[in-house]
Amino acid sequence: MTTTNAREPRVHPVPILSLRPTQMTVGMREVKEKRKRWREHGKKKQADLLGTHMIPVVHGPDERYYVIDHHHLGRALHDEGIKEVLVTVVGDLRMVEREAFWGVMDNKRWVYPYDSKGERRPFRDLPKSVADLKDDPFRSLAGELRRMGGFAKDTTPFSEFLWADFLRRKLSRKAVDANFDRALEKALAAAKSKDAVYLPGWCGPADDD
């Protein structure tokens, strides 16, 4: 029996479509960016990356692997035609009864069952593979906001989804779809406001007024 916290790399590849997501959405803009960067590498570099970028998973009671991070990478690799990836087992929950599994995952903050409107859904609505992950433009907005310094990278689970939900209340989806760069400017202003003080990685107002 492995301990729940030991990272235990699997040395054999796992079919990418056998991995079960623990979230419902990704930012497709971010997925496209990862695909673009992937294509810029030669075959050797791609092979090296596959060997070092292992997907963290929880081993479930049904012998399936549940992805708990790097959903964007998993989706990008699938879209690029990659069939198999290496995984790192972060938690072993094979002893947990099937009916209790999602409750335990929820308690450990290893699952985020919220849809593209930010509404919580039953666990049964989670996608069955990375191919079924839906687009949430606000998750793309939050990812880009972090990259440009709007908030700091934080260890809080699903922190970028918390920011996505905050931005969802500040901007309309129509505005994000129509002009991403303009939406990003507004997102940055909102991120620096006192309204965002409760969010992980908040960097504070730009000036002390």
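Here we summarise the structure given alongside this text.

What counts and what doesn't
Residue numbers here run from 1 along each chain, matching the order of that chain's written sequence. Per-residue local features of the predicted model are confined to residues with pLDDT of at least 70, and side-chain atom pairs are confined, for both listing and counting, to 80 or more; whole-chain, interface and lining totals are unaffected and use all residues. In computing side-chain values, all of the structure's heavy atoms are included and hydrogens and water are not. Each helix corresponds to a stretch of at least 4 residues labelled H or I by DSSP, and each strand to a stretch of at least 2 residues labelled E; elements are numbered beginning at the N terminus. Atoms counted for the radius of gyration: C-alpha only. Globule rule: 2.2 Å times residue count to the power 0.38. We call two residues contacting when some pair of their heavy atoms lies within 4.5 Å. Just so you know, the count uses Lys and Arg for positive and Asp and Glu for negative, and it drops His and the chain ends. Where a charge lies is defined by one atom per residue type, namely NZ (Lys), CZ (Arg), CG (Asp) and CD (Glu). When the centres of two rings from Phe, Tyr and Trp lie within 6.5 Å, Trp using its six-membered ring, the rings pair. Their planes under 30 degrees apart give stacked, over 60 give edge-to-face, and anything left gives tilted. Burial classes: relative accessible area under 20% of the type maximum marks a residue as buried, over 50% as exposed, and values in between as partly exposed (1.4 Å probe, protein chains only). Placement of a positive charge over a ring is assigned whenever Lys NZ or Arg CZ falls within 6 Å of the ring centre and within 35 degrees of the normal to the ring plane. Any two strands between which DSSP finds at least two bridges are classified as paired. Each helix should span, by expectation, one fewer than its residue count multiplied by 1.5 Å. This arc is taken over the directions from the axis of the helix to the C-beta atoms.

### Considerations on the overall build of the protein chain
Part 1 of the argument: What the protein chain contains, in helices and strands, is 8 helices and 8 strands.
Part 2 of the argument: The C-alpha atoms of the protein chain give 18 Å as radius of gyration, which agrees with the globular expectation for 209 residues (17 Å, within 12%).
Part 3 of the argument: For the protein chain, the proportion of contacts with a sequence separation of at least 24, taken over those separated by at least 6, is 76%.
Part 4 of the argument: On the protein chain, the mean spot of the 39 positive side-chain charges and the mean spot of the 32 negative ones are 3 Å from each other.

### What about the packing of aromatic side chains?
Where two aromatic rings form a pair, the distance of their centres and the angle of their planes describe that pair.
Part 1 of the argument: Considering all chains together, one arrives at 10 aromatic pairs under this definition.
Part 2 of the argument: Taken together, a centroid distance of 5.6 Å and an interplanar angle of 15° make the contact between W102 and F123 stacked. Taken together, the positions of W102 in helix α4 (residues 101-107) and F123 in the loop between α4 and β8 (134-135) put the pair 21 residues apart, joining distant regions of the chain.
Part 3 of the argument: With relative accessibility at 23%, the residue F123 sits in the partly exposed group.
Part 4 of the argument: When the centroid spacing of 5.9 Å and the interplanar angle of 85° are considered together, the rings of W163 and F166 count as edge-to-face. Note that W163 and F166 are positioned in helix α6 (residues 159-168) at a spacing of 3 residues, about one turn of the helix.
Part 5 of the argument: Here the basic side chain of R139 rests over the ring of F161, its NZ or CZ set 5.4 Å away from the ring centre.

### Focus on the pairing of strand β4 (residues 55-59)
Part 1 of the argument: Of all 5 residues in β4, 5 are buried; the element is thus mostly enclosed.
Part 2 of the argument: Residues of β4 alternate between two faces, with I55, V57 and H59 on one and P56 and V58 on the opposite face, all of them buried.
Part 3 of the argument: Inspection of the sheet shows β4 paired to strand β7 (residues 87-92) by 5 bridges, in the parallel sense. Residue pairing in the sheet places I55 in a bridge with V87 of β7.
Part 4 of the argument: The sheet contact formed by β4 and strand β5 (residues 65-67) spans 3 bridges and is antiparallel. Following the sheet pairing, H59 is matched in β5 by Y65.

### Re helix α1 (residues 28-39)
Part 1 of the argument: With 12 residues, α1 ought to run about 16 Å at 1.5 Å a step, and its terminal C-alpha atoms sit 16 Å apart, in line with that.
Part 2 of the argument: The complete set of buried residues in α1 reads M28, E30, V31 and W38. Looking straight down α1, one finds its buried side chains confined to an arc of 155°; they lie on one side.
Part 3 of the argument: On its buried face, α1 sits against β3 (25-26), α2 (43-52), α3 (71-79), β8, α5 (137-147) and α6.

### What to know about α3
Because each turn of an α-helix spans 3.6 residues, side chains separated by three or four positions end up pointing in the same direction.
Part 1 of the argument: For α3, the buried fraction is high: 7 of the 9 residues fall into the buried class.
Part 2 of the argument: Downstream of α3 by one or two residues, G81 has phi in the positive range, about 90°.

### Some details on unusual backbone geometry
Part 1 of the argument: Not every positive phi belongs to a glycine, and E63 is a case in point at roughly 70°.
Part 2 of the argument: With respect to the secondary-structure elements, E63 resides in the loop between β4 and β5.
Part 3 of the argument: With a phi angle near 65°, H70 is a residue other than glycine that sits in the positive phi range.
Part 4 of the argument: Inspection of the secondary structure assignment puts H70 in the loop between β5 and α3.

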